[in-house]
Amino acid sequence: MIFTLRKEKEREYTHHDAAVIGAGPAGLTAAIYLGRAKIDTVIFEKIAPGGLIASTDWIENYPGFPDGTSGEKLSELMEDQAIRFGARIEAIEIIGVDLNSDPIEIKTNGGAYTAYAIIIASGTSPRRLNVPGEEELIGKGISFCATCDAPFFEGEDIIVVGAGNSGIQESLYLSKFAKSIKVVEFLDHPTAEKILLDRIKEFDKIELLLYHEVKRFLGEGKLTGVEVEDRESKKKKVIDVKGAFIYVGLVPNTGFLNDAVDMDPEGFIKTGPKLSTSKEGAFAAGDVRTTSLRQVATAIGDGALAAHGVREYLEER
Amino acid sequence: MGLIREEDKKYLREEFSKGLIKDVELLYFADKNDQSDYNLAMKTLLLELVELDDHLTLTVKDCSDKEEREAEGLELCPAIKVKSARKGFVNFYGIPAGYEFSSLVEDIIDMGSDKLALPDDVIEEISEIDYPIDLKVFITAACPYCPRAVRTAHLFSMVNENIRGSMVDANGFPELSMKFMVSSVPHIVVNDRSSFVGALPPKEFLAKVKEGILIK
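Bear in mind the structure is a predicted one, so any value in this text is a computation, not a measurement.

Calculation notes
- Residues numbered from 1 in each chain as written.
- Chains lettered and ligands numbered in written order.
- Predicted model: local features only at pLDDT ≥ 70, side-chain atom pairs only at ≥ 80, totals over all residues.
- Axes fitted to C-alpha atoms, helices over the stretch in contact; angles between N-to-C directions.
- Helix = DSSP H or I, 4+ residues; strand = E, 2+ residues; numbered from the N terminus.
- Parallel < 35°, antiparallel > 145°, perpendicular 65-115°, else oblique.
- Left-handed = near helix turned anticlockwise from the far one by under 90°.
- Contact = placed C-beta atoms within 7 Å.
- Nonpolar A, V, L, I, M, F, W, Y, C, P; charged D, E, K, R; others polar.
- Pairing = 2+ DSSP bridges.
- Domains from an automatic or database assignment.
- Buried ≥ 20, exposed ≤ 12 C-beta atoms within 10 Å, placed from the backbone.
- Core = buried A, V, L, I, M, F, W, Y, C linked by C-beta atoms within 7 Å.

To continue, consider the packing of helix H1 (residues 25-36) of chain A against helix H7 (residues 296-316) of chain A. All names here are of chain A. Running from N to C, H1 and H7 cross one another at 40°; their axes reach a closest spacing of 7 Å. Taken together, the axes of H1 and H7 are oblique relative to one another. Taken as a pair, H1 and H7 cross one another with a handedness that is right-handed. In this structure, H1 uses Pro25, Ala26, Gly27, Leu28, Thr29, Ala30, Tyr33 and Leu34 to contact H7, whose residues at the interface are Val296, Ala299, Ile300, Asp302, Gly303, Ala304, Ala306, Ala307, His308 and Val310.

Structure, rendered in structure tokens:
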């Protein structure tokens with residue numbers, strides 16, 4: 001049995017040299033580098049240190065853990081390392097940021113803060129399918145968090161939507177609970193890593209349903225089925241399930257920015273050299289920025305690079 | 001080896017030493033005949049916690065003492081109630097394991113101090129509530145979003161005694177989870193009548209609670 005201790009601090013003072021928004025792998029790495037550079041830094045985290053990896057069952061492509069590690073454990077280790085170098089994590093939600101003021105003003109649900117430089121490492125949230133029935137049945141059979149909700153589907157038939165790395169990895173976890181899992185993929189091929197695809201072949205209860213589109217979720221008050229369409233034949237069918245886990249991509253957590261920095265058409269933050277954004281003093285790191293790969297390993301690199309950018313920026317100020 | 005990591009004990013000693021100014025009693029109701037690992041873990045966890053600061057004490061009671069349990073307002077067993085001179089119905093049905101351990105620690109510090117991390121407008125709105133509200137927050141230990149909902153319910157009860165906030169370990173109480181159709185957490189049940197899902201900010205959480213109260 002694990003007992004995970006969050007180590008957030010209460011607000012003591014409101015001006016810092018640097019502020020990091022988000023305590024996922026990118027934000028915590030930035031905090032480690034800024035801490036070691038002795039730059040007074042605050043980190044804001046609204047849910048729990050670790051970001052999306054905190055709800056990831058198992059991570060095995062991050063170096064240093066030859067047998068893999070749980071997302072919960074990796075989050076805790078990263079948090080401990082950041083705290084060791086003086087990181088100050090505050091459990092607070094960012095409401096808005098004024099990037100035109102100097103110092104930058106950060107509005108939170110616990111009052112205003114200022115900082116000379118910020119690193120936006122606010123990460124992403126699971127993308128929704130936006131099909132009929134989804135909104136009404138979230139929490140009533142539809143879930144975005146397998147580690148949170150898998151035990152409720154013990155012995156049940158379920159679907160997982162999306163055959164990318166997240167969908168397949170979480171299907172493997174869900175197979176410990178569910179009776180059967182159909183993984184519905186929009187494309188005609190799964191996009192997960194080959195090693196994960198090889199692994200699911202060992203599980204008879206996991207079946208891939210390629211080139212199918214989820215059209216709607218069915219059920220009154222609780223999920224009873226999912227209507228899918230074969231994209232080739234255009235034939236529709238209903239799969240009777242009590243659970244649906246959705247892994248169809250990510251949307252950036254940038255609402256609090258109010259379009260203050262340049263973003264790509266999907267809302268991810270555009271970055272330049274040393275991960276600077278279009279606004280002076282603002283940097284972006286991790287999944288929230290435009291990038292071709294969103295992994296723990298890439299977020300770590302981003303965090304280090306953005307911290308380096310902040311350090312140089314503060315020295316030149 | 002104990003349940004709480006040695007480095008976490010060191011951290012907790014410092015936090016309790018800085019934060020606690022009032023005595024806090026952890027009231028633990030358990031079935032005295034329950035020799036399960038679950039029950040043993042709960043008791044061990046609490047024993048390890050109270051050893052970390054002189055302000056903390058543990059009182060163990062038997063679930064079969066219905067009168068006493070009812071006097072404490074506890075419907076289920078096992079339960080941990082965090083008590084101090086400060087008002088508040090801060091309660092855990094089942095073990096606060098995984099991410100929920102932090103909820104217990106933060107509740108202890110809040111109940112042992114005058115801290116209250118809620119926005120002023122929310123405090124004002126909660127203070128005006130003059131009817132009973134029972135909030136059961138169903139969680140699973142691996143849910144990183146759940147402590148936010150548990151803590152919000154507990155903080156509400158520290159503002160207004162008309163509000164009772166309980167964490168419920170969904171896996172520890174499967175029948176109750178089924179009764180309230182819990183299939184995603186955090187799942188918040190309002191007055192055993194209505195429910196909503198999600199770790200919402202305090203203001204939105206309060207709005208959902210009030211909305212739930214109106215459902216007959």
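What follows is about the interface of chain A and chain B. The interface of chain A with chain B comprises 27 residues on the first partner and 29 residues on the second. Considering every element that reaches the side of chain A that touches chain B, the biggest residue donor is helix H4 (residues 146-149) of chain A, with three residues. For the side of chain A that touches chain B, a count of residues per class yields 12 nonpolar, eight polar and seven charged.

Bringing the sheet that holds strand S13 (residues 225-230) of chain A into the picture now. Residues and elements named next belong to chain A. Taken in spatial order, the three strands make up an open sheet running S12-S13-S14, and their pairing is antiparallel. Both outer strands of the open sheet, strand S12 (212-218) and strand S14 (236-240), are each paired with one neighbouring strand and no more. On average, each strand axis in the sheet is inclined to that of its neighbour by 30°, with strand direction left out of account. Note: S13 against S14, five bridges, orientation antiparallel. Residue pairing across strands places glycine 225 opposite aspartate 240, the latter belonging to S14.

Another point: the pairing of S12 of chain A. Residues and elements named next belong to chain A. Two elements, S12 and S13, share six bridges in a ladder whose sense is antiparallel. Each bridged residue has a counterpart across the sheet, and for glutamate 213 the counterpart in S13 is glutamate 229. Between the end of S12 and the start of S13, which pair antiparallel, lie six residues, with glycine 219 showing a positive phi angle near 140°.

We now examine the domain arrangement of chain A. Domain annotation of chain A identifies domain 1 (15-125 + 250-316) and domain 2 (128-246). Computed from C-alpha atoms alone, the centre-to-centre distance between domain 1 of chain A and domain 2 of chain A is 31 Å.

The subject of this paragraph is the environment of glutamate 128 of chain B. Assignment of secondary structure puts glutamate 128 of chain B in the loop between helix H5 (120-127) and strand S5 (133-139). C-alpha of glutamate 128 of chain B to C-alpha of isoleucine 80 of chain B: the two residues are 48 residues apart in sequence and 28 Å apart in space.

Turning to the pairing of strand S8 (residues 194-197) of chain B, a few remarks are in order. All names here are of chain B. Burial along S8 is one-sided: Ser195 and Val197 are buried, and none of Ser194 and Phe196, which face the opposite way, are. Strand direction decides the pairing type here: strand S7 (residues 187-190) and S8, joined by four bridges, are antiparallel. Bridge pairing links histidine 187 to valine 197 in S8. The antiparallel pairing of S7 with S8 creates a hairpin that spans three residues between the two strands, and asparagine 191 there sits at a positive phi of about 50°.

Attention shifts here to the sheet that holds strand S10 (residues 180-184) of chain A. Residues and elements named next belong to chain A. Ordered in space as S8-S15-S9-S10-S11, the five strands form an open sheet in which the pairing is parallel. Unpaired on one side and paired on the other, strand S8 (142-143) and strand S11 (206-209) mark the two borders of the sheet. As defined by bridge partners, strand S9 (residues 157-161) adjoins strand S15 (residues 243-246) across four bridges and the pair is classed as parallel. Across the sheet, residue isoleucine 158 finds its bridge partner in S15, namely glycine 243.

With an omega of 0°, the peptide bond between aspartate 102 of chain A and proline 103 of chain A qualifies as cis. Relative to the helices and strands, proline 103 of chain A resides in the loop between strand S4 (94-98) and strand S5 (104-108). Here the bond from cysteine 77 of chain B into proline 78 of chain B is cis, since omega is 5°, no more than 30 degrees from zero. Counting through the fold element by element, proline 78 of chain B comes out in the loop between helix H3 (66-71) and strand S3 (79-84).

In this structure, Ala19, Ala30, Ile118, Ile119, Val161 and Ala244 of chain A together with Val137 of chain B are the most contacted members of the largest nonpolar core, which totals 166 residues. Those residues in contact with isoleucine 119 of chain A, other than ones at most four positions away along the chain, are Val20, Gly27, Ala30, Phe283, Ala285, Ala306 and Val310 of chain A.

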